[in-house]
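The primary structure of each chain is shown beneath.
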Amino acid sequence: HTAEDSIGTGVGVLGDQKTLNTSFDGSAYSLIDNTRGNGIFTYDAANKINERNYFFRLPGSLWVDADNEFTSSYDRAAVDAHYYAGVTYDFYKDVFGRDSFDDNGAPIKSTVHFGRNYNNAAWVGTQMIYGDGDGSNFVELSGGLDVVGHELTHAVTDYSANLIYQDESGAINESMSDVFGTLTEFHEGINPDWDIGEDIYTPGVDNDALRSMSDPTKYDDPDHYSDRYTGTLDSGGVHTNSGIPNKAAYLISEGGAHSGITVTGIGRDKLGQIYYRALTQYLTESSTFSQLRSSLIQSATDLYGANGPEVVDVTAAFDAVGVQ
Ligand SMILES: O=C(NO)[C@]12CC[C@H](CC1)C2
Ligand SMILES: [Ca+2]
Ligand SMILES: [Ca+2]
Ligand SMILES: [Ca+2]
Ligand SMILES: [Zn+2]
């Protein structure tokens, strides 16, 4: 008896109802979505840490439920990891024609309840992991669509430019994840914004976020090359210096005046196409900010012509953040 596709109901981290693609094996329902690529699979690390007190051996146990209703508080992290992985899969497929992170339908695996009070999420080379947060700095991190899109974009990057996670190439790696995590949020269209992590950060504080793409300085990240971090923390400031290309991406899409330069704005769709082409056709593992600028100008030229408003805006945006 082979398993069959089923549709379950769930409640996400923020208490929102959603339907889930699940799989019934004759006795129980599991978080296997067979409607996308070679499947989306969600697992439970059950907050265990292994005998040496290091992180739990992955992926943990496949998420199983007796009645196809995923409505308990313990279920919420799994509901959103599963559902938002599907949203991100659809974004890449519908907008760029990319079939999963490897463009070959690779199964997408996520593990939730990872670690204990773990204030983080990551792509660990083979799958996503999501901590529950400590309940004060973070709630379950899979509850942020931009975070799920951010993490899955790390996988896309690994299978394309494979940007080294250090210094400027690392900051571009981070920025790509913020850009496509944000574009995923706009594609779904529920409370989209140019902030990162707002849905899962500091439940006790409203209107804050981890990072801002529209104004990186709001959270002390630079928005100009002259203010870049040159130290060794965080692999050379990959989560800080990402503010510089993030600000450029925001200006390319939305326009604005910055450092005495005015950018018109070409919109999110063109931003996404230009960035996706640069990530998959021109950037390499050691690309610098300057090479990001030239890759994006080349991509805009390929897609929309040599002297159009798109090339003008990409050029102006990188001038505005001090990258030549
Ligand atoms: O930027 C990140 N990882 O590279 C974050 C930080 C908070 C969200 C979960 C992980 C995004
Ligand atoms: Ca149930
Ligand atoms: Ca956001
Ligand atoms: Ca908050
Ligand atoms: Zn990241």
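Residues numbered from 1 in each chain as written. Chains lettered and ligands numbered in written order. Predicted model: local features only at pLDDT ≥ 70, side-chain atom pairs only at ≥ 80, totals over all residues. Heavy atoms only, no water.

## Remarks on the coordination of the calcium ion (ligand 2)
Move 1: Taken together, the protein donors to the calcium ion (ligand 2) comprise D65 (OD), D65 (OD), D67 (OD) and E69 (O), at separations of 2.2 to 2.5 Å.
Move 2: Along the chain, the residues donating to the calcium ion (ligand 2) are arranged with the sequence spacing D-x1-D-x1-E.
Move 3: Overall, the relative accessible area of 43% leaves E69 in the partly exposed class. (Donors = N, O, S within 2.8 Å, 3.2 Å for Na, K, Ca; no water. Buried < 20%, exposed > 50% of the residue type's maximum accessible area, 1.4 Å probe, protein only.)

## Overview of the coordination of the zinc ion (ligand 5)
Move 1: Summarising the metal site, the zinc ion (ligand 5) is bound by the protein donors H150 (NE2), H154 (NE2) and E174 (OE), whose distances to it range over 2.0 Å.
Move 2: For the zinc ion (ligand 5), the 4 donor atoms in the first shell make angles of 92 to 132 degrees at the metal, so the coordination geometry reads as tetrahedral.
Move 3: Read N to C, the donor residues that coordinate the zinc ion (ligand 5) are spaced as H-x3-H-x19-E. Placement of both H150 and H154 in helix α2 (residues 145-158) is noted, with a separation of 4 residues, approximately one turn of the helix. Of the two residues examined, H150 and H154, each falls in the buried class. (Tetrahedral: all angles 85-135°; square planar, octahedral: opposite > 155°, others 65-115°. Helix = DSSP H or I, 4+ residues; strand = E, 2+ residues; numbered from the N terminus.)

## Notes on helix α3 (residues 167-188)
Move 1: The end-to-end C-alpha distance of α3, which contains 22 residues, comes to 32 Å, matching closely the 32 Å that a straight helix rising 1.5 Å per residue would cover.
Move 2: Within α3, 18 of the 22 residues are buried, which leaves it mostly tucked inside the rest of the structure. (Expected span 1.5 Å × (residues − 1).)

## As for the packing of α3 against helix α5 (residues 243-254)
Move 1: Taken N-terminus to C-terminus, the directions of α3 and α5 make an angle of 40 degrees; their axes are 8 Å apart at the nearest point. Classified by the angle between their axes, α3 and α5 sit oblique to one another. In terms of crossing hand, the pair formed by α3 and α5 is right-handed. Counted together, A171, S175, D178 and V179 of α3 and P245, N246 and A249 of α5 form the full contact between these two elements.
Move 2: In terms of residue class, the contact of α3 with α5 is built from 4 nonpolar, 2 polar and 1 charged. (Axes fitted to C-alpha atoms, helices over the stretch in contact; angles between N-to-C directions. Parallel < 35°, antiparallel > 145°, perpendicular 65-115°, else oblique. Left-handed = near helix turned anticlockwise from the far one by under 90°. Contact = heavy atoms within 4.5 Å. Nonpolar A, V, L, I, M, F, W, Y, C, P; charged D, E, K, R; others polar.)

## Some remarks on the sheet that holds strand β7 (residues 64-65)
Backbone hydrogen bonds are what pair the strands of a sheet, in a parallel or an antiparallel way.
Move 1: Strand order in this open sheet of 5 strands is β7-β3-β2-β1-β8, and the pairing throughout is mixed. Of all the strands in the sheet, the pair left with one neighbour each is β7 and β8 (69-70).
Move 2: Of the strands in this sheet, β1 (4-11), β2 (17-24) and β8 touch helix α1 (residues 76-96), which is tilted by about 80 degrees from β2. (Pairing = 2+ DSSP bridges.)

## Points about the nonpolar core
Move 1: Judged by nonpolar contacts, the single largest core of 74 residues is most densely connected at Y130, F180, Y275 and F318.
Move 2: Per element, the largest residue contribution to this core is 11 residues, and it comes from α1.
Move 3: Beyond its immediate stretch of four places on either side in the chain, Y275 contacts M176, V179, F180, P245, A249, I252, L296 and F318.
Move 4: Membership of the second largest hydrophobic core comes to 5 residues, among which are A45, Y118, A122 and I129. (Core = buried A, V, L, I, M, F, W, Y, C linked by side-chain atoms within 4.5 Å.)

## Considerations on the packing of aromatic side chains
Move 1: All chains considered together, the criterion is met by 16 aromatic pairs.
Move 2: Ring centres of Y92 and F96 lie 5.9 Å apart, and the angle between their planes is 45 degrees; on these two criteria the pair is classed as tilted. Here Y92 and its partner F96 are both found in helix α1, 4 residues apart, which amounts to about one turn of the helix. The pair formed by Y92 and F96 is uniform in burial state, with each residue classed as buried.
Move 3: Ring pairing ties together the aromatic residues F91, Y92, F96, F180 and Y276, which thus form one cluster. (Phe/Tyr/Trp six-rings, centres within 6.5 Å; stacked < 30°, edge-to-face > 60°.)

## Describing the site of ligand 1
Move 1: In the vicinity of ligand 1, the contacting residues are N120, A121, L141, V147, H150, E151, H154, Y165, E174, L210, R211 and H239.
Move 2: Within the contact set of ligand 1, an oxygen atom lies 2.8 Å away from a side-chain nitrogen or oxygen of E174.
Move 3: Take H239: an N or O atom from its side chain is 2.8 Å from an oxygen atom of ligand 1.
Move 4: For ligand 1, the accessible surface in isolation is 290 Å², of which the surrounding protein chains cover 91%.
Move 5: Sorting elements by how many residues they give to the shell around ligand 1 places α2 first, with 4 residues.
Move 6: Class assignment of the residues belonging to the shell around ligand 1 gives a composition of 5 nonpolar, 4 polar and 3 charged. (Near = heavy atom within 4 Å. Polar contact = N/O pair within 3.5 Å; in protein donor to acceptor, adjacent residues only side chain to side chain. Areas by Shrake-Rupley, 256 points an atom, 1.4 Å probe, with all protein chains shown as cover.)

## Observations regarding α1
Move 1: Helix length check: α1 (21 residues) gives 30 Å between terminal C-alpha atoms against 30 Å at 1.5 Å per residue, within 8%.
Move 2: At the C-terminal side of α1, G97 shows a positive phi close to 70 degrees.

## Observations regarding the pairing of strand β11 (residues 128-131)
Move 1: Side-chain alternation along β11 places M128 and Y130 on one buried face and I129 and G131 on a second face that is also buried.
Move 2: As paired strands, strand β9 (residues 108-114) and β11 are joined by 3 bridges and run parallel to one another. Each residue of the ladder has a partner; that of S110, found in β11, is M128.
Move 3: The sheet contact formed by strand β10 (residues 121-123) and β11 spans 3 bridges and is antiparallel. Its bridge partner lying in β11, A121 is registered against Y130.

## Description of the environment of G86
Move 1: By the element assignment, G86 lies in helix α1.
Move 2: Given a relative accessible area of 0%, G86 falls into the buried group.
Move 3: Measuring from C-alpha to C-alpha, the distance between G86 and F41 comes to 10 Å, with 45 residues separating the pair along the chain.
Move 4: Ignoring anything within four residues of it in the chain, the contact list for G86 reads R36 and I40.

Don't take any of this as a statement about function, it's just geometry.
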